[in-house]
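Observations on the model geometry
Spelled out, the chains give:
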Amino acid sequence: MYRLLLPSLGRGLLRAAGLRCRACSARLLPGPAGGRAPEVEVPPSRVAPHRGRSGLLPLLAALAWFSRPAAAEEEEERQGAGGAAAEDAADETEAEIIQLLKRAKLSIMKDEPEEAELILHDALRLAYQSDNKKAITYTYDLMANLAFTRGQLENAEKLFKATMSYLFGGGMQQEDNAIIEISLKLASIYAAQNRQEFALAGYEFCISTLEEKIEREKELAEDILSVEEKANTHLLLGMCLDAYARYLLFSKQPSQAQRMCEKALHISEEILGERHPRTIVLMSDLATTLDAQGRFDEAYVYVQRASDLARQTDHPELHMLLSNLAAILMHKERYAQAKEIYQEALKQAELKRDEVSVQHIREELAELSRKSRPLT
């Protein structure tokens, strides 16, 4: 069976878990540390589009979390010199935590996960000593994402749950996008661990919660909820639908996966446009679900369009999209054209130094050679 590669800007969720679609796809490929994050390229909360950076919030948001409100300054004046000294000490500790977090992020970007982990433990120790709950929350989140991208799923699960506990303790509601993102990662962890009941419940919780939230907020005026915030929630729903589609495809439920992909693609086209990298990947994902059902002609329409757009826009995962196009051409028994596209994909993968894709494409070329060899 020819396998389709499944690139996606939301793919960090399944890639980190090393999931493989037995029916039709190669192992989902790991992206660069931090972005992919991301990315993970998994994306930061409230920032569209999702690119898979580690953590719920970008670093600037973390720094904003640590700043004291004006009320704290008024209290400081009333406390006198002793209170001011204590505040100065707290500020110094806070500044040290921030520097440690910056160093950890840099280590992640440099693909030095062990160093990043050590630095994050130092940051967490200081955060606990100073009882800085926001710093504790953010550090737990970074540690969770780091463990997630390294495939340390049991540890990642514990850390994500700790992050969620602190977020709830700070008054965050379960429908907040940050909570949904963590829930989506937990669902992907459960899927990778074959804890299917938990995985299914997780995916369905994310999707149903976001759908209800979108319906409830759609009539809110812009001065109450901005257009950007509404769009971010829609994009997060699209990411959840795409992740759930991958789970369904992995579970050999391609027709249900197709419906999820169609919804995700519609959201992406409406908000990001047809030429956006995420939209292009979703076209290929939809083709994958159709291919798994033996609907090769329909699959070809989507994957051909995705490949054309990827070439026009210099898509970062062009080689994976071309590989999918070649696989579907093989299913249509257009072997000469499939060979040509595979060779193009191989050159692109080699330029990207994507060794996993290079190996996959070479295996597919070998299979193509056997398949197209005349019977004697």
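Residues numbered from 1 in each chain as written. Predicted model: local features only at pLDDT ≥ 70, side-chain atom pairs only at ≥ 80, totals over all residues. Heavy atoms only, no water.

Next up on the list: the overall build of the chain. Along the chain, the regular secondary structure elements total 15 helices and 0 strands. Put simply, the chain has 376 residues, and 53% of those count as buried. Split by element, the accessible area of the chain, about 17200 Å² in all, is 51% carbon and sulfur. (Helix = DSSP H or I, 4+ residues; strand = E, 2+ residues; numbered from the N terminus. Buried < 20%, exposed > 50% of the residue type's maximum accessible area, 1.4 Å probe, protein only. Areas by Shrake-Rupley, 256 points an atom, 1.4 Å probe, with all protein chains shown as cover.)

We now examine the packing of aromatic side chains. Given two aromatic rings, one states the distance between the centres and the angle between the planes to describe the pair. Using the criterion set out here, one finds 7 aromatic pairs in the structure. Relative to F160, the ring of F148 lies with its centre 5.8 Å away and its plane at 75°, an arrangement referred to as edge-to-face. With a gap of 12 residues between them, F148 in helix α5 (residues 133–149) and F160 in helix α6 (residues 153–169) connect regions that are remote in the sequence. Across the pair, exposure class does not vary: F148 and F160 are buried alike. Look at Y190 and F198: their rings are 5.5 Å apart centre to centre, the planes differ by 50°, and that puts the pair in the tilted class. Owing to a relative accessible area of 48%, F198 belongs among the partly exposed residues under this scheme. Three or more aromatic residues link up through ring pairs in this structure, and these residues are Y128, Y140 and Y166. (Phe/Tyr/Trp six-rings, centres within 6.5 Å; stacked < 30°, edge-to-face > 60°.)

Moving on to the nonpolar core. Counting residues in each nonpolar core, the largest one holds 95 residues, and the members touching the most others are F160, Y203, C240 and Y342. At 11 residues, helix α9 (residues 227–250) tops the list of elements feeding residues into this core. Each residue touching C240, except ones within four places of it in the same chain, is listed here: I180, L184, C206, I207 and L210. (Core = buried A, V, L, I, M, F, W, Y, C linked by side-chain atoms within 4.5 Å. Contact = heavy atoms within 4.5 Å.)

Further remarks concern helix α14 (residues 335–352). Its 18 residues place the ends of α14 25 Å apart at the C-alpha level, agreeing with the 26 Å of an ideal helix rising 1.5 Å per residue. Among the residues of α14, those classed as buried are Y335, A338, I341, Y342, A345, L346 and A349. The buried residues of α14 occupy an angular sector of 150° when projected down its axis, which confines them to one face. Relative to its buried face, α14 has exposed residues pointing more than 90 degrees away, namely A336, E340, K347 and L351. In the segment just after α14, R353 is the residue with positive phi, at about 55°. (Expected span 1.5 Å × (residues − 1). Arc of directions from axis to C-beta.)

Evaluated as defined, the whole model comprises 0 disulfides. The closest cysteine sulfur to the non-disulfide-bonded C206 is located on C240, 4.6 Å from its own sulfur. (Disulfide = S-S within 2.5 Å.)

Now for the packing of helix α10 (residues 254–271) against helix α11 (residues 277–292). The N-to-C vectors of α10 and α11 enclose an angle of 160°; their axes lie 9 Å apart at closest approach. When the interaxial angle is binned, α10 and α11 end up roughly antiparallel. With respect to the hand of their crossing, α10 and α11 are arranged in left-handed fashion. Of α11, the residues touching α10 (which contributes P254, A257, Q258, C261, E262, A264, L265, S268 and E269) are R278, T279, L282, M283, D285, L286, T289, L290 and A292. The class makeup of the residues in the contact of α10 with α11 is 10 nonpolar, 4 polar and 4 charged. (Axes fitted to C-alpha atoms, helices over the stretch in contact; angles between N-to-C directions. Parallel < 35°, antiparallel > 145°, perpendicular 65-115°, else oblique. Left-handed = near helix turned anticlockwise from the far one by under 90°. Nonpolar A, V, L, I, M, F, W, Y, C, P; charged D, E, K, R; others polar.)

So, about α11. Within an α-helix, residues lying three or four positions from one another point in the same direction, as the helix has 3.6 residues per turn. Helix length check: α11, at 16 residues, gives a terminal C-alpha distance of 23 Å against a target of 22 Å (1.5 Å per residue), a fit within 8%. By the criterion of burial, α11 is predominantly enclosed, with 14 of the 16 residues buried. Taken from the residues just after α11, G294 is the one with a positive phi, measuring 80°.

Before going further, it helps to spend a moment on the pattern of salt bridges. This structure, assessed with the given rule, holds 17 salt bridges. Close ionic contact of D285 with R246 constitutes a salt bridge, the shortest N to O distance being 2.5 Å. Residue D285 is located in helix α11, and its partner R246 is located in helix α9; the two are separated by 39 residues in the primary sequence. Assessed through its relative accessible area of 6%, R246 is described here as buried. E274 serves as the salt-bridge partner of R305, at 2.8 Å between the closest nitrogen and oxygen. Here R305 is found in helix α12 (residues 296–313), whereas its partner E274 is found in the loop between α10 and α11, with 31 residues between them in sequence. A relative accessible area of 33% places R305 in the partly exposed class. (Salt bridge = Lys/Arg side-chain N within 4 Å of Asp/Glu carboxyl O.)

Moving on: the environment of L346. Note on placement: L346 falls in helix α14. Not counting chain neighbours up to four residues away, the residues in contact with L346 comprise V358, I361, R362 and L365.

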